[in-house]
Amino acid sequence: MTQEELLQKVRKIEIKTRGLSRNIFAGEYHSQFKGRGMAFSEVREYQPGDDVRSIDWNVTARLNKPYIKVFEEERELTVMLLVDVSGSRHFGTISQFKRDMMAEVAATLAFSTIQNNDKVGVLFFSDQIEKFIPAKKGKSHVLHIIRELLSFEPQSSGTDVAQALEYFTNAQKRRCTAFLISDMLVGNQVKALEKPLMIASNRHDVNLIQIYDRRDATLPNIGLVQFMDAETHQPLWVDTAAQEVRLSYERQWREQQEQLKDLLTKTGTNTISIRTDEDYVKALMKLFKQ
């Protein structure tokens, strides 16, 4: 991808996701992640999504602009995005690759964060920690994050969610809201996630956003096909015409999803699953309302 193509993509995703965060998610983000305490702190200019009951009418009348009272519980938040950059994100069979939806979802959350004057940071991970961008405020910082989401090339192609959670917990000392964005194709690693996820959830507000393709869950009947594992790069011949093969594939997906569901319930982790051909706007609204 050339620099010009990258800038065009950044601009396109900025226009779409900034509009969503401003017009759709502002109120939901604010009500979910901004609590109202009892101790008055300061006044600030009204922003879309603020509770109108907090308007300071004296200041509003004096300055001819709406201002609201800010309480102690409304102090600034830190939002961390834990983004899976393993090889399996380079897959998609309908409208887009998983990596494209991951980038849009992460960008929307990032813009929602700065709309509320909070800080946002990113951790890119595969089966190793690829890159850590500390949380900051501001539009230029979010645009930097979007450029990285679109252009970052990891050193490895595997997946180790447990290691990412451990690194995040150690690096982020103050309590924050975290969004783990991954397809969660972790094979037999689900049990290994319990301890690091439990620790992370006890210290932070952790939310999982699973983004997957329909062919992660089901195989089409297209005969004998050679597949390539995106993470191990190992070729594999599969007879998709065999019903028992397709049923076994679907069963493995369901079993892993059930294990994952049990783990998330046990650790108190909010979660949504979004398929690449579905509307992620509705899914994010659902997550915010959880």
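Residues numbered from 1 in each chain as written. Predicted model: local features only at pLDDT ≥ 70, side-chain atom pairs only at ≥ 80, totals over all residues. Heavy atoms only, no water.

1. Considerations on the sheet that holds strand β3 (residues 78-84)
Phase 1 of the analysis: Read from one edge to the other, the open sheet built from 6 strands follows the order β5-β4-β3-β6-β7-β10, with strand pairing classed as mixed. Here the strands that pair on one side only, and so sit at the sheet edges, are β5 (129-136) and β10 (270-275). Here the strands of the sheet are splayed against their neighbours by 15° on average, with no regard to which way each runs.
Phase 2 of the analysis: Where strand β4 (residues 119-125) meets β5, 5 bridges bridge the pair, whose relative direction is antiparallel. Across the sheet, residue Val120 finds its bridge partner in β5, namely Lys136.
Phase 3 of the analysis: The sheet strands contacting helix α5 (residues 139-151) are β3, β4 and β5, and the helix crosses β5 at an angle near 165°. (Pairing = 2+ DSSP bridges. Helix = DSSP H or I, 4+ residues; strand = E, 2+ residues; numbered from the N terminus. Axes fitted to C-alpha atoms, helices over the stretch in contact; angles between N-to-C directions. Contact = heavy atoms within 4.5 Å.)

2. Here's the deal with the pairing of strand β6 (residues 177-182)
Phase 1 of the analysis: Of all 6 residues making up β6, 6 are buried, and the element is well covered by its neighbours.
Phase 2 of the analysis: Across the two faces of β6 the burial is the same, with Thr177, Phe179 and Ile181 and Ala178, Leu180 and Ser182 all buried.
Phase 3 of the analysis: Here β3 pairs with β6 via 5 bridges, running parallel. By the bridge assignment for β6, Leu81 is matched with Phe179. (Buried < 20%, exposed > 50% of the residue type's maximum accessible area, 1.4 Å probe, protein only.)

3. Regarding helix α4 (residues 98-115)
Phase 1 of the analysis: An ideal rise of 1.5 Å per residue puts 26 Å on 18 residues; α4 measures up with 26 Å between its terminal C-alpha atoms.
Phase 2 of the analysis: Most of α4 is tucked away: 15 of the 18 residues are buried.
Phase 3 of the analysis: Backbone geometry just after α4 places Asn117 at a positive phi near 60°. (Expected span 1.5 Å × (residues − 1).)

4. What about the side chain of Asp84?
Phase 1 of the analysis: For Asp84, the position within the fold is in strand β3.
Phase 2 of the analysis: There is no salt bridge for the buried Asp84, and the closest opposite charge comes from Arg89, which lies 6.5 Å off by N-O distance.
Phase 3 of the analysis: A polar contact is formed between the side chain of Asp84 and the side chain of Ser86, at a distance of 2.7 Å.
Phase 4 of the analysis: A polar atom in the side chain of Asp84 sits 2.8 Å from the side chain of Ser182.
Phase 5 of the analysis: Once residues within four sequence positions are removed from consideration, Asp84 is found in contact with Arg89, Met102, Phe125, Thr159, Ile181, Ser182 and Asp183. (Lys, Arg positive; Asp, Glu negative; His and termini not counted. Salt bridge = Lys/Arg side-chain N within 4 Å of Asp/Glu carboxyl O. Polar contact = N/O pair within 3.5 Å; in protein donor to acceptor, adjacent residues only side chain to side chain.)

5. Here's the deal with the pattern of salt bridges
Phase 1 of the analysis: What the rule picks out here adds up to 10 salt bridges.
Phase 2 of the analysis: Of the charged contacts, one joins Arg99 and Asp100 as a salt bridge, the two residues approaching to 3.8 Å between their closest N and O atoms.
Phase 3 of the analysis: Among the ionic pairs, Lys131 bridges to Glu148, the shortest N-O distance being 3.2 Å. Here Glu148 lies in helix α5 and Lys131 lies in strand β5, a separation of 17 residues in the sequence.

6. Some remarks on the side chain of Thr78
Phase 1 of the analysis: Summarising the element assignment, Thr78 is placed in strand β3.
Phase 2 of the analysis: Discounting chain neighbours no more than four positions away, the residues touching Thr78 are Lys119, Ala135, Gln172, Cys176 and Thr177.

7. Observations concerning the nonpolar core
Phase 1 of the analysis: In terms of nonpolar packing, the biggest core is built from 40 residues, with Leu81, Val105, Phe179, Ile181 and Ile209 touching the most fellow members.
Phase 2 of the analysis: No other element matches α4, which puts 10 residues into this core.
Phase 3 of the analysis: Grouped together as the second largest cluster of nonpolar side chains are 23 residues, Leu82, Leu123, Leu180 and Leu260 included. (Core = buried A, V, L, I, M, F, W, Y, C linked by side-chain atoms within 4.5 Å.)

8. Side note on the packing of α4 against α5
Phase 1 of the analysis: Their axes nearest at 10 Å, the elements α4 and α5 cross at an angle of 170°. Here α5 runs roughly antiparallel to α4, going by the angle between their axes. When α4 is examined against α5, the residues Ala103, Ala106, Ala107, Ala110, Phe111 and Ile114 are found in contact with a partner set consisting of Lys139, Val142, Leu143, Ile146, Leu149 and Leu150.
Phase 2 of the analysis: Its residues placed into classes, the contact of α4 with α5 shows 11 nonpolar, no polar and 1 charged. (Parallel < 35°, antiparallel > 145°, perpendicular 65-115°, else oblique. Nonpolar A, V, L, I, M, F, W, Y, C, P; charged D, E, K, R; others polar.)

9. Quick notes on unusual backbone geometry
Of all residues except glycine, most have a negative phi; of all peptide bonds, most are trans.
Phase 1 of the analysis: Its identity as a non-glycine residue notwithstanding, Asn64 has a phi of 60°, on the positive side.
Phase 2 of the analysis: Among the secondary structure elements, Asn64 is positioned in the loop between α3 (57-63) and β2 (67-71).
Phase 3 of the analysis: One non-glycine residue, His233, lies in the positive phi region at around 65°.
Phase 4 of the analysis: Considering the arrangement of structural elements, one finds His233 in the loop between β8 (224-228) and β9 (235-239).

10. So, the packing of aromatic side chains
Phase 1 of the analysis: Taken as a whole, this structure holds 3 aromatic pairs when the rule is applied.
Phase 2 of the analysis: Seen in terms of ring centroids, Phe124 and Phe152 are 5.1 Å apart; in terms of plane orientation they differ by 15°. Their pairing is stacked. Remark: Phe152 occurs in the loop between α5 and α6 (161-171) and Phe124 occurs in strand β4; sequence separation between them is 28 residues.
Phase 3 of the analysis: A residue is classified by how much of its surface remains accessible, and Phe124, at 1% relative accessible area, is buried.
Phase 4 of the analysis: Summarising the aromatic geometry, the rings of Phe132 and Tyr167 are spaced 5.9 Å apart at their centres and angled 65° between planes, so their arrangement reads as edge-to-face. Note that Phe132 is positioned in strand β5 and Tyr167 in helix α6, a separation of 35 residues in sequence. (Phe/Tyr/Trp six-rings, centres within 6.5 Å; stacked < 30°, edge-to-face > 60°.)

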